[in-house]
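Chain by chain, the residues:
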Amino acid sequence: MDNAALGNDMSAVIEADRAHLWHHLIQHKPFETIDPRVIVEGRGMRVWDARGKEHLDAVSGGVWTVNVGYGRESIADAVRDQLVKMCYFAGSAGSVPGAMFARRLIDKMPGMARVYYANSGSEANEKVFKMVRQISHRHHGGRKSKILFRERDYHGTTITCLSAGGQPQRNAMYGPFTPGFVEVPHCLEYRKQWDVANYGERAADAIEEVILREGPDTIGAICLEPVTAGGGVIVPPAGYWERVQEICRKHNILIHIDEVVCGVGRTGEWFGYQNYGVKPDFVTMAKGVASGYAAIACTVTTEAVFGMFKDDASDPLSYFRDISTFGGCASGPAAALENMRIIEDEGLLDNTLRMGARLMDNLAALQDKHAVIGQVRGKGLFCGAELVADRATKEAADEKKVAAVVADCMAQGVIIGMTNRSLPGLNNTLCLSPALIATPDDIDHITDAIDGALGRVFG
Ligand SMILES: Cc1ncc(COP(=O)(O)O)c(C=O)c1O
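Residues numbered from 1 in each chain as written. Predicted model: local features only at pLDDT ≥ 70, side-chain atom pairs only at ≥ 80, totals over all residues.

S.K.: Describe the domain arrangement of the protein, with residues and values.
M.R.: Under the domain assignment, the protein is made up of domain 1 (37-68 + 347-458) and domain 2 (74-345). Summarising the inter-unit geometry, the C-alpha centres of domain 1 and domain 2 are found 26 Å apart. Opposite the 32 residues of domain 1 that make contact, domain 2 presents 30 residues. Among the elements of the structure, α3 (60-64), α13 (348-369), β11 (373-378), β12 (383-390) and β16 (429-432) are those that each provide at least two residues to the side of domain 1 that touches domain 2. No other element matches the five residues that α13 contributes to the side of domain 1 that touches domain 2. Split by residue class, the side of domain 1 that touches domain 2 holds 15 nonpolar, 13 polar and four charged. (Domains from an automatic or database assignment. Contact = placed C-beta atoms within 7 Å. Helix = DSSP H or I, 4+ residues; strand = E, 2+ residues; numbered from the N terminus. Nonpolar A, V, L, I, M, F, W, Y, C, P; charged D, E, K, R; others polar.)

Spelled out as structure tokens, the structure:
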């Protein structure tokens, strides 16, 4: 069957899918009796499935990615024009969109200087881990090779990214892991580990305790999400980031911010760390960089970090000996340039702040109405509602019921998310990350659907 025929015959598509496709992060047994979901078309905030059913997408392509919304012809045109002119050359050479996007990006990131292209968030993070290890060998005599990561954070799917992963259910059965990664406690005050007034500073001090236990001389970097995404939409408490930065500077530990979710507008700033006055040494990004129109990820460093890789041209090993084949695809930066233009010209950072405030207000109103909502958290268009069986004890709501809320919204034609196979017993947070183009009506439509679903599922 040719492609055109396949495209018009959805039963053939579903059968091909059922017979041959291995979907990501989902159980397949149910597909023996129900159809796998196939998304066929998207416009703005809406997508249509193979049965023609319309959905309002409150999660930007499922995993906080399609920040500028679906069906952007100008991005498609930019990618098409670039592909016809020059599709690919290995990253040892530059490309016109590669250079121009790097400049545009660095303009948005004062203090940062260099952009290294790859094609997934995991890969961008792996680049940092390799850089930290190489810095350790070349500049610290093999010391400072350990990398700290935080409980509940996620940094990607490869074995080494899982080694830096603070979500036990993502990691289960994929060990043994890469050595040299050390966990620090999470900073979610709602699930507090210390009974203090200055929780942010206390949670940061817990990082210093780990540094002192391991020995500051053994630790090269710390890798943190600015706002934890899949681990439960955790907005750090006041004072946290300032203290983390102070501790890292004191112990000469490089700061790696994983902006794979927050990056490019999601929190209402270009980057999540810019909400907190952090001065990172490495920033990684992927999903929102080109809103999913092309695969692109960036590892961005300061000039000081870059300088450590070009200090001795006579040494054949004294540069970053790394390549990402598809990091040389020119479609990525071409799409990213247009994505950034759209965010600027359409004022989407401001819209994110306004619509994010509306979403938080609506969720707070739902919390007043539904006892099952223990806490709502968020920054920009990046929000979570943690569901509990009992507000006093904070016992997590039954995961099956949380999933039933998501399914009820889906039946209403609204796609929302939940923490998925992250933390045993704590996959109880509804996740919302609508595109940055959301209107007040879209936001109200999303929270109305959740209101109805909570009423039906929890009574
Ligand atoms: C914070 C964070 N970092 C890294 C990744 C990995 O990105 P990718 O799936 O593009 O490898 C993800 C993916 O969800 C993420 O949420």
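S.K.: Which residues make up the confidence of the model for the protein, and what values go with them?
M.R.: Here the protein shows a mean pLDDT of 96. Residues at 70 or above account for 98%. pLDDT under 50 marks residues 1-6. Its contacts with residues more than four places away, or in other chains, come to four contacts. (pLDDT = per-residue confidence, 0-100.)

S.K.: Before we move on, can you summarise the environment of Leu436 with the specific residues and values?
M.R.: Inspection of the secondary structure puts Leu436 in the loop between β16 and α15 (440-458). Along the primary structure Leu436 and Met355 are separated by 81 residues, whereas in three dimensions their C-alpha atoms are 8.2 Å apart.

S.K.: Account for the packing of helix α14 (residues 399-411) against α15, with residues named and values stated.
M.R.: Put simply, α14 and α15 touch, their axes get as near as 9 Å, and they point 135° apart. As judged from the angle between their axes, α14 and α15 are oblique. Pair α14 / α15 crosses with right-handed handedness. Of the residues in α15, those in contact with Lys401, Ala404, Val405, Asp408 and Cys409 of α14 are Ala449, Ile450, Ala453, Leu454, Arg456, Val457 and Phe458. Here the contact of α14 with α15 is composed, by residue class, of nine nonpolar, no polar and three charged. (Axes fitted to C-alpha atoms, helices over the stretch in contact; angles between N-to-C directions. Parallel < 35°, antiparallel > 145°, perpendicular 65-115°, else oblique. Left-handed = near helix turned anticlockwise from the far one by under 90°.)

S.K.: Give a description of unusual backbone geometry that names residues and reports values.
M.R.: Residue Pro176 is reached from Gly175 by a cis peptide bond, and omega for that bond is 0°. Take Pro176: it is sitting in the loop between α8 (168-171) and β6 (181-184). The backbone of Lys144 sits at a positive phi, close to 55°, despite the residue not being glycine. Tracing the chain through its elements places Lys144 in the loop between α6 (121-139) and β5 (146-150).

S.K.: Describe the nonpolar core, with residues and values.
M.R.: The biggest cluster of nonpolar side chains holds 125 residues, and the ones touching the most others in it are Cys298, Ala335, Ile416 and Leu430. Domain assignment of the residues forming this core places at least three in each of domain 1 (37-68 + 347-458) and domain 2 (74-345). Apart from residues lying up to four places away in sequence, Cys298 is in contact with Leu105, Val115, Tyr116, Tyr117, Ala124, Met285 and Val289. (Core = buried A, V, L, I, M, F, W, Y, C linked by C-beta atoms within 7 Å. Buried ≥ 20, exposed ≤ 12 C-beta atoms within 10 Å, placed from the backbone.)

S.K.: Which residues make up the site of the ligand, and what values go with them?
M.R.: The local shell around the ligand holds 16 residues, among which Ser120, Gly121, Ser122, Gly156 and Val260 are the closest. Of all the elements, α6 adds the most residues to the shell around the ligand, at three residues. When the residues that make up the shell around the ligand are grouped by side-chain class, the tally is six nonpolar, eight polar and two charged. (Near = placed C-beta within 6 Å.)

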